[in-house]
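Remarks on the overall topology
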Amino acid sequence: MGEVDVYLSMGSNLGNREENLEWAVQLLRENSNIKDIKMSNFYETEPVGGVKQDDFLNIAVYFRTTLSAEDLLDYLHKIEAKLHRVRKIHWGPRTIDLDILYYGGKTINNTVLQVPHPEMKNRKFVLIPLYEIAKGDFKYEVGDLLKATMDQNNVQIYGGKTDE
Ligand SMILES: Nc1ncnc2c1ncn2[C@@H]1O[C@H](COP(=O)(O)OP(=O)(O)OP(=O)(O)O)[C@@H](O)[C@H]1O
Ligand SMILES: Nc1nc2c(c(=O)[nH]1)N=C(CO)CN2
């Protein structure tokens, strides 16, 4: 397969959150099958989903890759394992969480992978950083939704919070 565009979402709410996210992006850079990496600003976001835990930093990341979706998922799991192992965390808060939002224009629905990520439309902490790096050339169907999300929110970068 040729090269495809990929968008990821990353989140961290344990330890040095900036360092965790930057380390994960650095490990992407070290993969020779991944290039043209673009990273959003950091967004500080309140935890979504009921579990009481510390605020997250979330980012979106763009790159091009020749890896298959399955091989990319394997590589992301390796990155997660590396960061988790070092931090020895309990269950719950995450040193790092990596989700594939888009893999080319493909729809993938198997036991290990659902792309586009089914929950992304409900998550401002995903949509707002994604909009930042994807605006202008965003070609997927969620584009209008992203625009609407941005228009409804006075979004602040670097320590600012989305209102979710
Ligand atoms: N688009 C995707 N990106 C990353 N992982 C995915 C995707 N779709 C399915 N998965 C599966 O989800 C598993 C990750 O589960 P995990 O426990 O991290 O979920 P979560 O982070 O709690 O929930 P969510 O994926 O909704 O953020 C992976 O092992 C992978 O097989
Ligand atoms: N704000 C925010 N909330 C979350 C996040 C996250 O990355 N950011 N990740 C979760 C588990 O995947 C659960 N809740």
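In case you missed it, the structure is sitting above this.
Residues numbered from 1 in each chain as written. Chains lettered and ligands numbered in written order. Predicted model: local features only at pLDDT ≥ 70, side-chain atom pairs only at ≥ 80, totals over all residues. Heavy atoms only, no water.

A short note on the layout of surface pockets
Heads up, the rule is: Every definition here rests on a 1 Å grid over the protein atoms only: cavities are sets of points where a 1.4 Å probe fits but cannot get out, pockets are open sets enclosed by protein on both sides within 12 Å along at least five of seven lines, and lining residues have some atom within 4 Å of a point. Grid points are joined across faces, edges and corners, and a volume is the space filled by probe spheres set on the points. Put simply, DSSP H or I for four residues or longer makes a helix, DSSP E for two residues or longer makes a strand, and each gets a number counted from the N terminus. When residues are sorted by character, Ala, Val, Leu, Ile, Met, Phe, Trp, Tyr, Cys and Pro go into the nonpolar class, Asp, Glu, Lys and Arg into the charged class, and all the rest, Gly among them, into the polar class.
Taken as a whole, the second largest pocket encloses approximately 220 Å³ of empty space. Elements with a minimum of two residues in the lining of the second largest pocket: helix H2 (69-87), strand S5 (97-103) and strand S7 (114-115). Along the lines of polarity and charge, the residues of the lining of the second largest pocket split into eight nonpolar, three polar and three charged.

Some points on the site of ligand 2
Filter applied, for reference: If a single non-hydrogen atom of a residue is within 4 Å of a molecule or strand, that residue counts as near it. Polar contact is the term for a pair of N or O atoms within 3.5 Å; when the atoms are in protein, one must be able to donate a hydrogen and the other to accept it, and sequence-neighboring residues count only if both atoms are side-chain atoms. All accessible areas in this document rest on Shrake-Rupley with a 1.4 Å probe, and a residue is counted as covered only by the protein chains that are shown.
For ligand 2, the full set of nearby residues is Gly11, Thr45, Glu46, Pro47, Val48, Phe56, Asn58, Arg94, Asp97 and Phe125. With respect to ligand 2, the backbone of Glu46 contributes an N or O atom lying 2.8 Å from a nitrogen atom. For ligand 2, the protein covers 87% of the area, taking 340 Å² as the surface of the free molecule. Its residues assigned to classes, the shell around ligand 2 shows four nonpolar, three polar and three charged.

Considering the packing of aromatic side chains
Any two aromatic rings considered together are summarised by their centre-to-centre distance and by the angle between their planes. Our working definition: Centres within 6.5 Å are what make two rings of Phe, Tyr or Trp a pair, Trp counting through its six-membered ring; a difference in plane orientation under 30 degrees is then read as stacked, over 60 as edge-to-face, and the rest as tilted. Each residue is assigned to one of three classes by its accessible area relative to the maximum for its type, calculated with a 1.4 Å probe on protein chains only: buried under 20%, partly exposed between the two thresholds, exposed over 50%. Criterion for a charge above a ring: Arg CZ or Lys NZ at most 6 Å from the ring centre, at most 35 degrees from the ring normal.
With the rule as written, the count across this model stands at two aromatic pairs. Seen from their ring centres, Tyr7 and Tyr62 are 5.2 Å apart, and the 55° between their planes marks the pair as tilted. Note that Tyr7 is positioned in strand S1 (residues 4-12) and Tyr62 in strand S4 (residues 56-65), a separation of 55 residues in sequence. On the basis of relative accessible area, Tyr7 is assigned to the buried category, the value being 3%. For Tyr62, a relative accessible area of 13% puts it in the buried group. Ring centres of Tyr7 and Tyr102 lie 6.3 Å apart, and the angle between their planes is 85°; on these two criteria the pair is classed as edge-to-face. Residue Tyr7 is located in strand S1, and its partner Tyr102 is located in strand S5; the two are separated by 95 residues in the primary sequence. Joined through ring pairs, the aromatic side chains of Tyr7, Tyr62 and Tyr102 make up one cluster. Directly above the ring of Tyr62 sits Lys38, whose terminal nitrogen or CZ lies 5.5 Å from the centroid.

Let's talk about the environment of Lys78
Positionally, Lys78 belongs in helix H2. Taking the C-alpha atoms as reference, Lys78 lies 19 Å from Asn13; in sequence the two are 65 residues apart.

Notes on the site of ligand 1
Around ligand 1, the surrounding shell holds 13 residues, and the nearest of these are His77, Arg94, Ile100, Val112 and Gln114. Within the backbone of Val112, one N or O atom sits 2.6 Å away from an oxygen atom of ligand 1. Gln114 is positioned such that a nitrogen or oxygen atom in its backbone is 2.9 Å from a nitrogen atom of ligand 1. For ligand 1, the protein covers 67% of the area, taking 620 Å² as the surface of the free molecule. Among the elements that make up the shell around ligand 1, the one with the highest residue count is S5 (four residues).

Section: unusual backbone geometry
Between Val115 and the following residue, Pro116, the backbone shows a cis peptide bond with an omega angle of -5°. Examined against the element boundaries, Pro116 turns out to sit in the loop between S7 and helix H3 (124-134). The residue Asp36 is not glycine, and still its phi comes out positive at about 55°. Tracing the chain through its elements places Asp36 in strand S2 (residues 34-39). Residue Asp36 is classed as partly exposed on the basis of its relative accessible area, which comes to 48%.

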